[in-house]
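# Residue-level structure breakdown
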Amino acid sequence: MRKGNGKSDVDVERMDVEHELPPADDDTSEEAVQSGAQDQPASSNVYEEELRKAKTERDLLYDRLARIQAETENLRKRAAREQSDFREYAVFDVVKSLLPILDSFDRALETHAGDENFRGVELINRQMHDALAKLGLRPIPAQGEVFDPHLHQAIQMVDTNDAEDNHIIEELQRGYKFKDRLLRPAMVRVARNPNKSR
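## Let's talk about the pattern of salt bridges
For the coordinates displayed, the defined rule picks out ten salt bridges. Measuring nitrogen to oxygen at the nearest pair gives 2.8 Å for the salt bridge that ties D103 to R184. Residue D103 is located in helix α1 (residues 26–111), and its partner R184 is located in strand β5 (residues 181–184); the two are separated by 81 residues in the primary sequence. Given a relative accessible area of 14%, R184 falls into the buried group. A salt bridge links D106 to R174, with the nearest nitrogen and oxygen atoms 3.7 Å apart. Highlighted residues: D106 in helix α1 and R174 in the loop between β3 (168–173) and β4 (176–178), separated in sequence by 68 residues. Overall, the relative accessible area of 31% leaves R174 in the partly exposed class. Put simply, R119, E122 and R126 are held in one network by salt bridges that share partners.

Following this line, the structure appears as structure tokens:
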């Protein structure tokens, strides 16, 4: 007996040929091949149909995903824009509520121009104007300018020969812009002089 790997050793010479399994019938194997050949086109058609459906579903899902991503991006941009607008409007309203205080400071300083007792008021007025200018408040130029209905509010038309037609001769209340938006138009008197029109 030969030594092996621990498995039962089979003596090939003494193998009983009669106890071997019989070979498969030739008829059966041919039938199996023919039936497999007939099943193969049918099953490949099924697989192709399933593949086509899977690709269609994949394309629909990719399209849906792209739309959802676009909607999400648009929503994010809209939310950021609304938040920015809200902040700007909040500051806009606060600055607008401070305009009467600026007007009072300006009138007090015009009335008491050069008075040493109003030196502190003048400094406070300058600080207020500087702080609001940093936020984006700008006065609208009026005196001597051409009347602009988008920036100025005409309170009175004055017939005069001393100024050109449609020019502002007096500013009654200062107007302001906040960033690029009109906060309050300047209240003005406008010259009417047909002899000196441009």
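## Here we look at the packing of aromatic side chains
Taken as a whole and assessed by the stated rule, the structure comprises one aromatic pair. Centre to centre, the rings of F92 and F178 are 6.0 Å apart; their planes meet at 75 degrees, and the pair counts as edge-to-face. Of the two residues, F92 is situated in helix α1 and F178 in strand β4; the sequence distance between them amounts to 86 residues. On the basis of relative accessible area, F92 is assigned to the buried category, the value being 13%. R181 extends its terminal NZ or CZ atom over the ring of F92, reaching a point 5.6 Å from the ring centre.

## Considerations on the sheet that holds strand β1 (residues 137–139)
Ordered in space as β1-β4-β5, the three strands form an open sheet in which the pairing is antiparallel. The open sheet terminates on both sides in strands that have one partner only, identified here as β1 and β5. Strand after strand, the sheet turns through a mean of 35 degrees between neighbouring axes, direction not considered. In this structure, β4 lies alongside β5, joined through three bridges in antiparallel fashion.

## Overview of unusual backbone geometry
Backbone geometry places N166, a non-glycine residue, at a positive phi of 65 degrees. Along the chain, the position of N166 falls in the loop between β2 (152–159) and β3. Note on N166: relative accessible area 31%, which makes it partly exposed. Non-glycine residue K179 carries a positive phi angle of around 60 degrees.

## Things to note about the pairing of strand β6 (residues 186–192)
Pairing analysis gives seven bridges linking β2 to β6, with the strands arranged parallel. Counted as the bridge partner of D159 is R192 from β6.

## A short note on the sheet that holds β3
Strand order in this open sheet of three strands is β2-β6-β3, and the pairing throughout is mixed. Single-partner strands in this sheet number two, and they are β2 and β3. Between one strand and the next, the sheet's axes are offset by a mean angle of 25 degrees, whatever the strand orientation.

Calculation notes
Residue indices follow the written sequence of each chain, beginning from 1 at its first position. Since the coordinates come from a predicted model, pLDDT governs what is reported: local features require at least 70, and pairs of side-chain atoms require 80 or more to be given and counted, while whole-chain, interface and lining totals use all residues. Hydrogens and water molecules were not included; the side-chain quantities draw on all heavy atoms of the structure. Any carboxyl oxygen of Asp or Glu within 4 Å of a side-chain nitrogen of Lys or Arg constitutes a salt bridge here. Per the convention used, a helix needs a DSSP run of H or I reaching at least four residues, while a strand needs a run of E reaching at least two, with both numbered from the N terminus. The buried label applies to any residue whose accessible area, calculated with a 1.4 Å probe on protein chains only, is under 20% of its type's maximum; exposed applies above 50%, and partly exposed to all values in between. Under the pairing criterion, centres of Phe, Tyr and Trp rings, with the six-membered ring standing for Trp, must be within 6.5 Å; the plane angle then separates stacked pairs below 30 degrees from edge-to-face pairs above 60, leaving the rest tilted. Charges are assigned to positions over rings by a cutoff of 6 Å between ring centre and Lys NZ or Arg CZ, combined with an angular limit of 35 degrees from the ring normal. For two strands to be treated as a pair, DSSP must find at least two bridges joining them. Convention adopted: a line fitted to C-alpha atoms gives each axis, helices being fitted over their contacting stretch, and angles between N-to-C directions are expressed from 0 to 180 degrees.

By themselves, these figures tell us nothing about what the structure is for.
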